[in-house]
Amino acid sequence: SDIIGFNDGLSINTANPNEKESWTLSTYNGPTSTSSVRAVVNVFLGNVGITGPTQIAPFIRHAGVDVESTPFSPTTSLYVDILTNNPQTGLVWDTADLATLEVGVKSVA
C-alpha cells in the first residue's frame, strides 16, 4: 500500500545486510475463492551501492512467516518475482491469503 508507482519517490536504501522492507496489500474487495488467484507478483527495481550488501532476496511474509526467494545481485533492471503457489504452504493462492500477505525485499551481504 506504500508504493504507488514507478518513480513515486518511495524507496529503501541500506548499508546493512539482513534488513527487510515489505509492503502490504490494499483491502481485497473481489470475489472470495480458494482458486481464483493466478499468482502473486513482486515487481521492483534494484541496484547495488558503492558499499554495503551486494545482493537482495525477494520475500513474502504470510501469516507472520517469512519465505525468501533466491538472493541475487541487482543491476538497475526491473525484476519480477512470480509466485504461482504460496511458498509457505505449497498450495495455490487463496483470496483469504491476501489479508495477511506482505511482499518485500531483504538486503543480503
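The rules behind the values
Residues numbered from 1 in each chain as written. Predicted model: local features only at pLDDT ≥ 70, side-chain atom pairs only at ≥ 80, totals over all residues. Heavy atoms only, no water. Helix = DSSP H or I, 4+ residues; strand = E, 2+ residues; numbered from the N terminus. Buried < 20%, exposed > 50% of the residue type's maximum accessible area, 1.4 Å probe, protein only. Contact = heavy atoms within 4.5 Å. Areas by Shrake-Rupley, 256 points an atom, 1.4 Å probe, with all protein chains shown as cover. Pairing = 2+ DSSP bridges. Axes fitted to C-alpha atoms, helices over the stretch in contact; angles between N-to-C directions.

> Explain the overall build of the protein chain to me, please; I cannot follow it from the model alone.
Scanning the protein chain from terminus to terminus reveals zero helices and six strands. Tracing the protein chain from N to C terminus, the helices and strands come up as β-β-β-β-β-β. The buried share among the 109 residues of the protein chain stands at 28%. A fraction of 72% describes how many contacts in the protein chain between residues 6 or more apart in sequence connect residues 24 or more apart. Only carbon and sulfur atoms are counted for the fraction: they give 53% of the accessible area of the protein chain, which is about 6,800 Å².

> Please clarify how the sheet that holds strand β6 (residues 101-108) should be interpreted in this entry.
Backbone hydrogen bonds hold the strands of a sheet together, and the pairing may be parallel or antiparallel. Pairing within the open sheet is antiparallel, and its four strands lie in the order β1-β6-β3-β4. Lying at the two open borders of the sheet, with one neighbouring strand each, are β1 (20-24) and β4 (65-68). On average, adjacent strands in this sheet sit at an angle of 25° to one another, irrespective of strand direction. Bridging between strand β3 (residues 55-62) and β6 involves eight bridges; their strand directions are antiparallel. Paired with histidine 62 across the strands is leucine 101, a residue of β6.

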